[in-house]
Amino acid sequence: MTEKQENNQPGLFDSPLKNVEVEKVLLLALGEFQARGKILAGRELPLDRLRGAFKRSAEKFEIDPLSDDILAENLEKLGAKIVKVPNFVAKHPFRVTVQAELAEKADAFYRQSLDND
């Protein structure tokens, strides 16, 4: 066994996301956003409006906050509509529209995570 394996510490080039699926981070964040009484489904939101939920979710999974590009790319993979706006329009240059199906999936995932805690 190497020293790195014994210490079980990540190396310089190891990905912090290798043990955590980005999808789970996003679903937890979207579910938590809704649990705070915010309307998510069917409306266009600036990415900046969701960043707090993404940050709290990343903290729960003990990873660094995800970049705007990673968030946008993976939200789109989950089925959200992503619109990129020019950088001079917004600091976090994406607009996110989450469909009802994804919002329901995120809500269910969030509730399940509460039950597991």
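1. Digging into helix α3 (residues 47-60)
Link 1 in the chain: With 14 residues, α3 should cover 20 Å at 1.5 Å per step; its first-to-last C-alpha distance of 20 Å lies within 8% of that length.
Link 2 in the chain: Alanine 53 marks the point of greatest bend in α3, at about 25°.
Link 3 in the chain: Within α3, the full set of buried residues consists of Leu47, Leu50, Ala53, Phe54, Ser57 and Ala58.
Link 4 in the chain: Where the residues of α3 are buried, they touch α2 (22-35), β1 (44-46), α4 (68-78) and β3 (94-97).
Link 5 in the chain: Remark: glutamate 62 follows α3 within two positions and exhibits a positive phi of approximately 60°.

2. A few points about the nonpolar core
Link 1 in the chain: Residues Leu30, Leu40, Phe54, Leu75, Val96 and Val98 are the most contacted members of the largest nonpolar core, which totals 30 residues.
Link 2 in the chain: Elements supplying a minimum of two residues to this core: α2, α3, α4, β3 and α5 (100-116).
Link 3 in the chain: Top contributing element to this core by residue count: α2, with eight residues.
Link 4 in the chain: Dropping the residues within four chain positions of it, valine 96 is found in contact with Arg43, Glu44, Leu45, Leu47, Leu50, Leu75, Ala80, Lys81 and Ile82.

3. A word on the sheet that holds strand β2 (residues 81-84)
Link 1 in the chain: Reading across the sheet, the three strands line up as β1-β3-β2 and stay open at both edges, with antiparallel pairing between neighbours. Strands with a single pairing partner mark the edges of an open sheet, and in this sheet they are β1 and β2. This sheet shows a mean twist of 25° between the axes of neighbouring strands, independent of strand direction.
Link 2 in the chain: Direction of pairing for β2 relative to β3: antiparallel, over a ladder of four bridges. Bridge pairing in β3 places isoleucine 82 opposite valine 96.
Link 3 in the chain: Against the sheet, α4 engages β2 and β3, with an angle of about 25° to β3.

Scoring rules and cut-offs
Residues numbered from 1 in each chain as written. Predicted model: local features only at pLDDT ≥ 70, side-chain atom pairs only at ≥ 80, totals over all residues. Heavy atoms only, no water. Helix = DSSP H or I, 4+ residues; strand = E, 2+ residues; numbered from the N terminus. Expected span 1.5 Å × (residues − 1). Bend = angle between axes of the 7 residues up to and from the residue. Buried < 20%, exposed > 50% of the residue type's maximum accessible area, 1.4 Å probe, protein only. Contact = heavy atoms within 4.5 Å. Core = buried A, V, L, I, M, F, W, Y, C linked by side-chain atoms within 4.5 Å. Pairing = 2+ DSSP bridges. Axes fitted to C-alpha atoms, helices over the stretch in contact; angles between N-to-C directions.

None of this, on its own, says anything about what the molecule does.
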